[in-house]
Amino acid sequence: KSTLMNTIVGERLCITTSKAQTTRHRILGVAIGENYQLALFDTPGLHEPRYELQRRMVGAARKATRDAEVILLVLDIFESLEEMQSVRAFVGDVDIPLVVAVNKIDLLRNESALSPNALEITGGSEANVLERTSLACPGADLILPISALTGDGIATLTEALVQRVPESNPVLDQDMLTDRPERFFAAEIIREQIFTLYSKEIPYASEVQVEAFREQRLPKLLEIHAIILVSRESQKKILIGNKGSAIKQTGIAARKALEAFFQVPKVHLELRVKVTKADWRSDNNALKQFGYIE
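Notes on the structure in this doc start here. (Residues numbered from 1 in each chain as written. Predicted model: local features only at pLDDT ≥ 70, side-chain atom pairs only at ≥ 80, totals over all residues. Heavy atoms only, no water.)

1. Some details on the sheet that holds strand 3 (residues 71-76)
No. 1: Across the sheet, which stays open at both edges, the 3 strands sit in the order 3-4-5 with parallel pairing between neighbours. The open sheet has two free edges, formed respectively by strand 3 and strand 5 (142-145), since each of these has just one partner strand. Mean inter-strand twist for the sheet, computed between neighbouring axes without regard to direction, equals 20°.
No. 2: Judged from the 4 bridges that link them, strand 4 (residues 98-103) and strand 5 form a sheet pairing that is parallel. Looking at the pairing, Val102 lines up with Pro145 of strand 5. (Pairing = 2+ DSSP bridges. Helix = DSSP H or I, 4+ residues; strand = E, 2+ residues; numbered from the N terminus. Axes fitted to C-alpha atoms, helices over the stretch in contact; angles between N-to-C directions.)

2. Remarks on the nonpolar core
No. 1: Ranked by size, the top nonpolar core spans 25 residues in total, and within it Ile190, Ile224, Leu239, Leu258 and Leu269 carry the most contacts.
No. 2: By size, the runner-up hydrophobic cluster in this structure holds 23 residues, among which are Leu13, Cys14, Leu157 and Leu161. (Core = buried A, V, L, I, M, F, W, Y, C linked by side-chain atoms within 4.5 Å. Buried < 20%, exposed > 50% of the residue type's maximum accessible area, 1.4 Å probe, protein only.)

3. Concerning the side chain of Gln54
No. 1: Within the element layout of this structure, Gln54 appears in helix 2 (residues 52-67).
No. 2: In this structure Gln54 touches Gln21, His47, Glu48 and Pro49, once residues within four positions along its chain are discounted. (Contact = heavy atoms within 4.5 Å.)

4. Remarks on the pattern of salt bridges
No. 1: Using the criterion set out here, one finds 16 salt bridges in the structure.
No. 2: Taking the shortest distance from any N to any O, the salt bridge between Glu52 and Arg55 comes out at 2.6 Å. Of this pair, Glu52 and Arg55 both sit in helix 2, 3 residues apart, roughly one helical turn.
No. 3: On the basis of relative accessible area, Arg55 is assigned to the partly exposed category, the value being 38%.
No. 4: Ionic pairing is found between Glu223 and Arg214, a salt bridge with its closest N-O pair at 3.2 Å.
No. 5: Overall, Arg214 belongs to the partly exposed group, its relative accessible area being 43%. (Salt bridge = Lys/Arg side-chain N within 4 Å of Asp/Glu carboxyl O.)

5. A closer look at unusual backbone geometry
No. 1: For Gln21, which is not glycine, the phi dihedral falls at a positive 60°.
No. 2: Take Gln21: it is sitting in the loop between helix 1 (2-9) and strand 1 (27-32).
No. 3: Here the phi dihedral of Lys200 falls at roughly 55°; this positive angle occurs in a residue that is not glycine.
No. 4: Residue position: Lys200 is located in the loop between helix 8 (182-197) and helix 9 (202-205).

6. A look at helix 6 (residues 126-136)
No. 1: Within the sequence span of helix 6, burial applies to Val129, Arg132, Thr133 and Ala136. In an axial view of helix 6, the angular spread of the buried residues amounts to 100°, which keeps them on one side of the axis. Exposed residues lying more than 90 degrees from the buried face of helix 6 are Ala127 and Leu135.
No. 2: Where the residues of helix 6 are buried, they touch strand 3, helix 3 (81-91), strand 4, helix 4 (105-108), helix 5 (116-122) and strand 5. (Arc of directions from axis to C-beta.)

7. Points about helix 7 (residues 154-164)
No. 1: Taken residue by residue, helix 7 has Ile154, Leu157, Thr158, Ala160, Leu161 and Val162 as its buried positions.
No. 2: The elements touched by buried residues of helix 7 are helix 1, strand 2 (37-42), strand 3, strand 4 and strand 5.

Below, the structure is given as structure tokens:
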């Protein structure tokens, strides 16, 4: 869904990884066309929360459904009927349009890209996937096959959303893409590299806070100081690695991503790792400080 939002908006606002629960915040992205302005919110994914951070992530998704004028539910071809039904049940009965996008359809249109086991899981055809989605999503206003990665079906989906949003005068500035500050995106990009380069508990135990964000004009340079917070000393050791090798690789990858995002020739990035006194994921004060509001 984060890839989908980036594709519709036309800018890479949301970090994307292959790991579940990468998105932790509700993020606004504004898509602007010749005759429309769409305010899209990417929310954390739906899951059974195991600690306070996850409970607040799911809460952010629930609040988004209450505030929306149209709900876009993103499923994918690999989800079973029961998994789709579980996600649909989360939305519940709504009195606003519900549009369902079935993602990764490009893989079914190129069967050589899927193993025999994957073909069996999906049902083997686009028709079977759409039939399963229809059974799982009663009350859906529209079900569309898409590929957020290749762009298949995105124009049709965008038009469908535009048609279902109530008509009004523009409520946001025409050059506005998001309401999040630059520091937020810097922290997210660093966190994306942690999700990409580390495994098991490390990505989920890490939080990134930007302590300094300074722009220098001559020569053009962006200076960022960030701290990576974890809850245990053992996690800090893994993040840093042998003689600092792991954190060095994280810094290199993050700098390249930051330079691309902020479109600057050079980013000076300083990373520190700190262990919190308690597990920040279950600490109400820490969560509030990090922007995870109930």
